[in-house]
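# Inside the fold
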Amino acid sequence: VARRVAQKLKAYCLPALPFSISHMHRGSRGTVWLRNSTLAAVVRDIAASLQHDGFSQLVLLNGHGGNFILVPIVQDLNLEFPKLLTMPLDAWIPVVTSGMFPQNASFLHADEFETSCLLYLHKETVRKNRIQDQTKEPDREMLRYLPFSKFSRLTHTGKPTRATAEKGERAVDCMVTHAVQSIQA
């Protein structure tokens, strides 16, 4: 999504950060996470580097719902680096409000939305034989207190069996269009 947004805006696109706030998935083998303070320090150093090199805008295109800390980070960055306008954009928000997926969709993890996006962008990474629907939706607020595995048998949400590449294409297009329009505004 970020590469497509940058291409449309003829903007520079940094590589995605490979780690972020994912401690809500601790206990799921292979999950690596950063502390809030670590992510804040990394983003601050990125902003300092970009301002030093003369960039005037930094958009943090967030693809992970667990990065609750980004808004306060951006507030601090805009005070500390007044010559670098920094804005956060949660990529999935326009999809949530689009009606593209059912009203009761949770938009949390490996659900119909995310699985559709992966079927469109990288279908070879989706193990279709392992997909199963969540029978009881976990409470998103619990992610602030416990790892996912402590309050849900499955570590995903929603109905990923309903996912299609066509839905993923529409979702990705929606995210790109909204991000471009938001940045231009």
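Further up the page is the structure itself.
So, a few notes on the structure that sits alongside this text. (Residues numbered from 1 in each chain as written. Predicted model: local features only at pLDDT ≥ 70, side-chain atom pairs only at ≥ 80, totals over all residues. Heavy atoms only, no water.)

## What about the overall build of the chain?
Regarding its fold elements, the chain presents seven helices and two strands. The N-to-C order of helical and strand elements in the chain reads α-α-β-α-β-α-α-α-α. Scaling as 2.2 N^0.38, a compact globule of 185 residues should have a C-alpha radius of gyration of about 16 Å, and the chain matches this with 17 Å. Within the chain, the fraction of its 185 residues that count as buried is 35%. In the chain, 70% of the contacts between residues at least 6 apart in sequence involve partners at least 24 apart. (Helix = DSSP H or I, 4+ residues; strand = E, 2+ residues; numbered from the N terminus. Rg over C-alpha atoms; globule rule 2.2 N^0.38 Å. Buried < 20%, exposed > 50% of the residue type's maximum accessible area, 1.4 Å probe, protein only. Contact = heavy atoms within 4.5 Å.)

## Quick look at the side chain of T86
The topology assignment puts T86 in strand β2 (residues 85-90). Residue class for T86 comes out buried when judged on its relative accessible area of 3%. If near-sequence neighbours (up to four positions away) are discounted, T86 is found in contact with L58, L60, V74, L77 and N78.

## Some details on empty space enclosed by the protein
One pass over the full model with this rule turns up one cavity of 30 Å³ or more. Taken as a whole, the largest cavity holds about 30 Å³ of empty space. Around the largest cavity, the lining residues are L61, L89, D90, A91, P94, M175, H178 and A179. Listing elements by their share of the lining of the largest cavity, those giving two or more residues are β2 and α7 (165-184). (1 Å grid on protein atoms, 1.4 Å probe; cavity = no way out; pocket = protein on both sides within 12 Å on 5 of 7 lines; lining within 4 Å. Points joined across faces, edges and corners; volume = space filled by probe spheres on them.)

## With respect to the nonpolar core
Ranked by internal contacts, the top residues of the largest apolar core, which has 19 residues, are V95, F101, F113, A171 and M175. The dominant element in this core, judged by the number of residues it contributes, is α7, at eight residues. Discounting chain neighbours no more than four positions away, the residues touching V95 are M100, F101, F107, F113, A171, C174 and M175. By size, the runner-up hydrophobic cluster in this structure holds 18 residues, among which are M24, L84, L108 and L143. (Core = buried A, V, L, I, M, F, W, Y, C linked by side-chain atoms within 4.5 Å.)

## Some details on the side chain of H25
Here H25 is to be found in the loop between α1 (2-9) and α2 (36-52). Relative accessible area serves as the criterion here: at 11%, H25 is assigned to the buried category. In contact with H25, other than residues within four places in its own chain, are T31, H109 and F148.

## A closer look at the pattern of salt bridges
Within this structure, the stated rule accounts for three salt bridges. For the salt bridge of R44 with D45, the shortest nitrogen-to-oxygen distance reads 3.8 Å. Its relative accessible area of 46% is what places D45 among the partly exposed residues. One salt bridge in this structure joins R44 and E80, with 2.4 Å as the shortest N-O distance. With a gap of 36 residues between them, R44 in helix α2 and E80 in helix α3 (residues 70-80) connect regions that are remote in the sequence. Overall, R44 belongs to the partly exposed group, its relative accessible area being 31%. Counted as one network, the salt bridges with shared partners bring together R44, D45 and E80. (Salt bridge = Lys/Arg side-chain N within 4 Å of Asp/Glu carboxyl O.)

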